[in-house]
Structures are given as C-alpha cells and as structure tokens.
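# Structure at a glance
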Amino acid sequence: MLIAAIDITERKAAESRVVYMAHHDALTALPNRILLRQRMEGMISDLRRSGRGFAVFCVDLDNFKWVNDTPGHPFGDLLLQSVAARLRTELRDQDTVARLGGDEFAILQADVGRPEEVSNLLARLLAIIGEPYDLEGHQVTVGASIGVALAPNDGEDPDRLLKNADMALYRAKADGKGGFRFFESEMDARVQGRRRLEMDLRVAIKDEACEVHYQPLVSLASGEVRSLEALIRWPHAQRGMIPPSDFIPVAEETGLIAPIGLFVLRRAYADAAQWPEDVNVAVNLSPMQFKSGNLLQAVHDALKDVGLPPMRLELEITETLLLDKSELVTATLHALRALGVHISMDDFSTGYSSLSYLRSFPFDKIKIDRSFVHDIGANTDLQAIVRAIVSLGSSLGIKITAEGVETESDLAYPKAEGCTEGQGYLFSKAQPQASILALLAKQRGKRAAA
Ligand code: C2E
Ligand code: MG
Ligand code: MG
C-alpha cells in the first residue's frame, strides 16, 4: 500500500488570503464594495423574512483633500486608517463599515426598528469623526457629510439603496460641510430633471439654438454706451426662456460649458465686428473653461477669424476662479492680457477674500455686484462699501462698474462717488443684436448732432 500525503495548509492559506484581499480594502482592512454588496444582499433576505429594515449611510470626509495635499499623502493614509478604526468601534458586530474608495465610506446599520436608532447613530458618527486626530504629531480635525437611505422604503436592492444614499450625501454636501441628509424621493425627481435639462442642452448646443443678447455698460460721465456684455439666452420649446443661472451650473458639471463658451465667444465677436470701433464687447468666462488648458488658443483663434482687435474684448471672470490659486489660471490670465485683452472681475465682493484677489492679478475693471448697488440710496453700509471700493479702484488704476442699477437713486450714489460705468435695467436690459444695432445707431446720431 502506498500512501501519499500532501500538505495543503499553505495552499489553503494562500487561497483564503486571495479571497480576503478580493473582499477587503488594503489600506484600512475594511470590507470593500464587493463585500458590502454581499452583506447588503444578506440583510435584504433577512428583511424579507423578518420585516426588520436597515439603514445605509454614505460618509464623505470634509477637508480630506487638504490633509492629503498639505501634511501629505502618508498623513492622508493615517487619517483614513484612524477614521476606519473609530467607525469600527462605534458599530455593533452585525453592522458593516466599508471603504468605497478615496475618503468615502459606507455603513450598514442592521436591524433598524425605529427611526431614532438611525438618527442616534448618525449623531454619534458625526461626533466621533469630528474629534481631533493626532497623526504622528500633526493635530488634524476633519468633519464628515453623511447621506442616509432606509431599506425597504428607499429601495430593496443594493444598487438603488447605495445610489439613493449617495444622492442624499450629494445634497448634504451642497448644503455645506458637516451636514447630513436623509434621502427623499423629490431628490430623485430633481436629479431626473437635471438629466433631462442636460440632454436638452446637448441638443440645443448641436443645433446652435442658444442666442446671445447684449446689455449696455454706460459711461457715467458721458451717458454713452462703452461696452456691451454678452449674456447667453436659451429659448426652450416647452419651458420658455431658461435663465443662465439654471443651465450654466449644469453645463459646468457636465463639461458642456466648453462648447457653450466657445459659441458665445465666436457669436459675440462676430456681432461686435458690426459695432462702432469704440464699443467693446464683454464676455463671461466660467472657471471650468480655464481647466481645459486651450482657452488662450480658442480666444486667439476666434479673434483672428473675425479680425477683431484684442483691445475690444473684455473677459469677465469671477472670484471663484482665483480660489485655488492655480498656476495655470494666473499664467492664462497674464497671457490673455499680453494679447491685449482686458480682464474684469465680475460680481466683486460676493467672494470670500475679494481684496486678496486684487493683489493676485492686475485687473482692468471691477464690477461691483448688484447686491451692493441695488437700494444703495437708503443704505449707509452699502454706501460705505461702494466708497471704499471706488477709492481702492482709483488708487490701483482700475475702472469701476456698478452692476444692477435699477433706479435713479441706485445711480446717484455710485455716480457721485466716481464709479466709471453703470449697468442695469435703468439703462437697458440685455437685448438681441438687431435692437443693439438700432441703439448704437441712435447714439451715433446724437453724437453727430452734438
Ligand atoms: P453676470 O455676468 O453678473 O451678468 C449680469 C446679470 O445681471 C445678467 O443676468 C443680467 O441680466 C442681470 N442684470 C443686469 N442688470 C440688472 C438689474 O438692474 N437688476 C437685476 N435684478 N438684474 C440685472 P443673466 O443674463 O440672467 O445672467 C446671469 C449670470 O449667468 C451672469 O451674471 C453670468 O455669470 C452668467 N452668464 C450669462 N451668460 C453667460 C455666458 O455666456 N457664459 C458664462 N460662463 N456665464 C454666463
Ligand atoms: Mg458678467
Ligand atoms: Mg455680474
């Protein structure tokens, strides 16, 4: 009799290591997405049997990017490990905490009878994540945003529940850091609405269905139109005119802002080429247009095609562009200026640190946001702010435009303080090119008569 015995301990150990690795995150040793789904499926069959629901939490750390960038990656890793450890201690054995990737975690709270059980855990999670961390001598504090979906009400399959918890997380983040939201079916409706808007917008771009209207910027000294701001208009077959504030954010999120921006730029140049030579055209730029890296080329090419001198173009940017102090942005702004293009800061004073942005780039023009101009006649605080901006502008050699001038009394104060230009319904709303040509012709007639 011949007996051969083979020791398969190592093979078994290796196999179980492979299985473990396929189901766990290497950094935190938490379950990964695959294991999370398996556990969810288990909970769903329990739910069918016992009728006891469960909750799905999507957790996203606030300020993680800062920790990863500033103290550095190793500290980011340490932080994720510490967060994972804290979450694990806060949960019962039957619950699950998984890492979905980056700074995103998911938690399954098993066996939820009453809604208070969910809100209690939510409060404990926010508190425990928010306590300071000591990362090898670095004291760090981070918060978290959390979105929650409840089974079976918000879904009875893993994909739907995770998607809904994630949608609630997205809303929580939009409301500000450190918050939480429960999924509501109206969120789903909003997301669907956005998706429809995006699809319609794609078609509108392809068909060039958007229009560009122009709103005058008037010299307060002479009363003449000095430049015209291009403002996009989208006439929608069912919904009427959709305001840019409704679709520009969607365009920015989906990357559609690049073709829209190019369309406005080209249309505005072509229209401006028909105006008198001393009337400039102002075009708004989205911060997203700077991210693509070929903005400079696009501006240059469009100008060349139409033969419009760069001096007649004013590009309006907002303070959010300068928030992250990126080299690409400053380099692009300087290069645009070197072409001869004017750069204006739009909606001035609505950002976080408006004054410091003035140091980061030599702007040609500041446009004071309309919230500081409208009703200024009755508000001494607004008057003090506008006076300060005008005096700052004049010492830095920057022109100042008052936006949102709706009444004579909105106009009187900025004019007396020495604002260079005004823009607002008192002078004119944005109008299509044909009306603008008529308006400019009238202005030329008046000047000739004078
Ligand atoms: P903005 O650049 O600050 O443009 C001025 C906005 O204020 C315009 O709104 C204009 O119609 C409105 N406005 C002008 N005068 C008055 C007034 O006296 N009272 C009031 N209440 N409002 C006045 P609009 O056209 O709805 O545009 C909103 C924003 O959408 C713009 O703010 C700009 O940031 C953005 N936008 C518009 N067109 C474009 C575009 O082609 N590209 C990009 N990236 N953004 C655009
Ligand atoms: Mg503007
Ligand atoms: Mg503005």
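Owing to the predicted nature of the structure, the values given are computational and were not obtained by experimental measurement.

In this section: the coordination of the magnesium ion (ligand 3). Around a metal, the perfect tetrahedron of four donors has angles of 109.5 degrees, and the perfect octahedron of six donors has angles of 90 or 180 degrees. Taken together, the protein ligands of the magnesium ion (ligand 3) are Asp346 (OD), Asp347 (OD), Glu403 (OE) and Glu403 (OE), with distances of 2.0 to 2.6 Å. Read N to C, the donor residues that coordinate the magnesium ion (ligand 3) are spaced as D-D-x55-E. Metal-to-metal, the separation of the magnesium ion (ligand 3) and the magnesium ion (ligand 2) is 4.0 Å; Asp346 coordinates the two. What makes Asp346 buried here is its relative accessible area of 5%.

This part is about the coordination of the magnesium ion (ligand 2). Every protein donor of the magnesium ion (ligand 2) is accounted for by Glu229 (OE), Asn284 (OD1), Glu316 (OE) and Asp346 (OD), and the metal-donor separations fall at 2.0 to 2.2 Å. Summarised as a motif, the one-chain spacing of the donors to the magnesium ion (ligand 2) is E-x54-N-x31-E-x29-D. Judged by its relative accessible area of 4%, Glu229 is buried.

This part takes up the sheet that holds strand 2 (residues 96–101). A sheet is described by the order of its strands in space; here five strands give the open sequence 2-3-1-6-7, paired in mixed fashion. Only two strands of the sheet have a single partner each, and these edge strands are strand 2 and strand 7 (180–182). Pairwise comparison of adjacent strand axes, ignoring direction, gives a mean angle of 20° for this sheet. Inspection of the sheet shows strand 1 (residues 53–62) paired to strand 6 (residues 143–151) by nine bridges, in the antiparallel sense. Bridge pairing links Asp62 to Gly143 in strand 6. This element, helix 4 (residues 73–90), spans strand 1, strand 2 and strand 3 (104–112) of the sheet and lies at about 5° to strand 3. Its contacts with the sheet place helix 5 (residues 115–130) against strand 1, strand 3, strand 6 and strand 7, and it is angled at close to 160° to strand 6.

Before going further, it helps to spend a moment on the domain arrangement of the chain. Each domain of the chain was delimited in the assignment, giving domain 1 (18–183) and domain 2 (196–449). The centre of domain 1, based on its C-alpha atoms, is set 43 Å off from the matching centre of domain 2.

Time to look at the site of ligand 1. Taken together, 21 residues form the shell around ligand 1, and within it Arg233, Asp346, Arg370, Glu406 and Tyr425 come nearest. Glu229 is positioned with one of its side-chain polar atoms (N or O) 2.9 Å from an oxygen atom of ligand 1. Taking Arg370, its side chain carries an N or O atom lying 2.9 Å from an oxygen atom of ligand 1. Relative to its free-state accessible area of 800 Å², ligand 1 is covered by the protein chains to the extent of 84%. Among the elements of the structure, strand 9 (225–236), helix 8 (244–254) and strand 13 (342–348) are those that each provide at least two residues to the shell around ligand 1.

A separate point is the side chain of Asn68. Secondary-structure assignment places Asn68 in helix 3 (residues 64–69). What makes Asn68 buried here is its relative accessible area of 16%. Those residues within four positions of Asn68 in sequence are excluded, and the remaining contacts are His73 and Gly76.

The next thing to look at is the side chain of His23. Its place among the elements puts His23 in helix 1 (residues 9–23). On the basis of relative accessibility, which here comes to 17%, the residue His23 falls in the buried class. His23 has contacts with Leu30, Pro31, Asn32, Ile34, Leu35 and Gln38, leaving out every residue within four places of it along the chain.

With that settled, the discussion passes to the packing of aromatic side chains. By convention here, two paired aromatic rings are described through the distance between centres and the angle between planes. Across all of its chains, the model carries four aromatic pairs by this definition. Consider the rings of Tyr214 and Trp275, whose centres lie 5.1 Å apart with planes at 85°: the pair is edge-to-face. Placement of the pair is Tyr214 in strand 8 (residues 211–219) and Trp275 in the loop between helix 9 (257–272) and strand 11 (280–284), with a sequence separation of 61 residues. In terms of burial, Tyr214 and Trp275 fall into one category: buried. Ring geometry for Phe361 versus Phe363: centroids 5.3 Å apart, planes at 75°, classification edge-to-face. Exposure remark for Phe363: the relative accessible area of 3% places this residue in the buried category. A cation over a ring is seen here: Arg86 above Tyr133, with NZ or CZ 3.6 Å from the ring centre. Lying across the ring of Tyr425, Lys429 places its NZ or CZ 4.6 Å from the centre.

Of the consecutive residues Ala151 and Pro152, the connecting peptide bond is found in the cis state with omega at 10°. Within the element layout of this structure, Pro152 appears in the loop between strand 6 and helix 6 (158–174). Phi is positive for Asn63, which is not a glycine, with a value near 70°. We classify Asn63 as partly exposed; its relative accessible area is 37%. Positive phi values are uncommon outside glycine, yet Glu136 reaches one of about 45°. If you trace the backbone, Glu136 turns up in the loop between strand 4 (133–135) and strand 5 (138–140). Its relative accessible area of 66% is what places Glu136 among the exposed residues.

Where side chains of opposite charge bring their charged atoms close, a pairing between them can arise. Under the defined criterion, the tally for this structure stands at 28 salt bridges. For the salt bridge of Glu116 with Arg114, the shortest nitrogen-to-oxygen distance reads 2.9 Å. Looking at Glu116, the relative accessible area reads 38%, which means it is partly exposed. Put simply, Lys365 and Glu421 hold a salt bridge, and the shortest N to O gap is 2.9 Å. Taken together, the residues Lys365 in strand 14 (residues 365–368) and Glu421 in strand 16 (residues 421–422) connect sequence positions 56 residues apart. Each member of the pair, Lys365 as well as Glu421, carries the same accessibility label: buried.

What counts, and where the lines are drawn
- Residues numbered from 1 in each chain as written.
- Chains lettered and ligands numbered in written order.
- Predicted model: local features only at pLDDT ≥ 70, side-chain atom pairs only at ≥ 80, totals over all residues.
- Heavy atoms only, no water.
- Donors = N, O, S within 2.8 Å, 3.2 Å for Na, K, Ca; no water.
- Buried < 20%, exposed > 50% of the residue type's maximum accessible area, 1.4 Å probe, protein only.
- Pairing = 2+ DSSP bridges.
- Helix = DSSP H or I, 4+ residues; strand = E, 2+ residues; numbered from the N terminus.
- Axes fitted to C-alpha atoms, helices over the stretch in contact; angles between N-to-C directions.
- Contact = heavy atoms within 4.5 Å.
- Domains from an automatic or database assignment.
- Near = heavy atom within 4 Å.
- Polar contact = N/O pair within 3.5 Å; in protein donor to acceptor, adjacent residues only side chain to side chain.
- Areas by Shrake-Rupley, 256 points an atom, 1.4 Å probe, with all protein chains shown as cover.
- Phe/Tyr/Trp six-rings, centres within 6.5 Å; stacked < 30°, edge-to-face > 60°.
- Lys NZ or Arg CZ within 6 Å of the ring centre and 35° of its normal.
- Salt bridge = Lys/Arg side-chain N within 4 Å of Asp/Glu carboxyl O.

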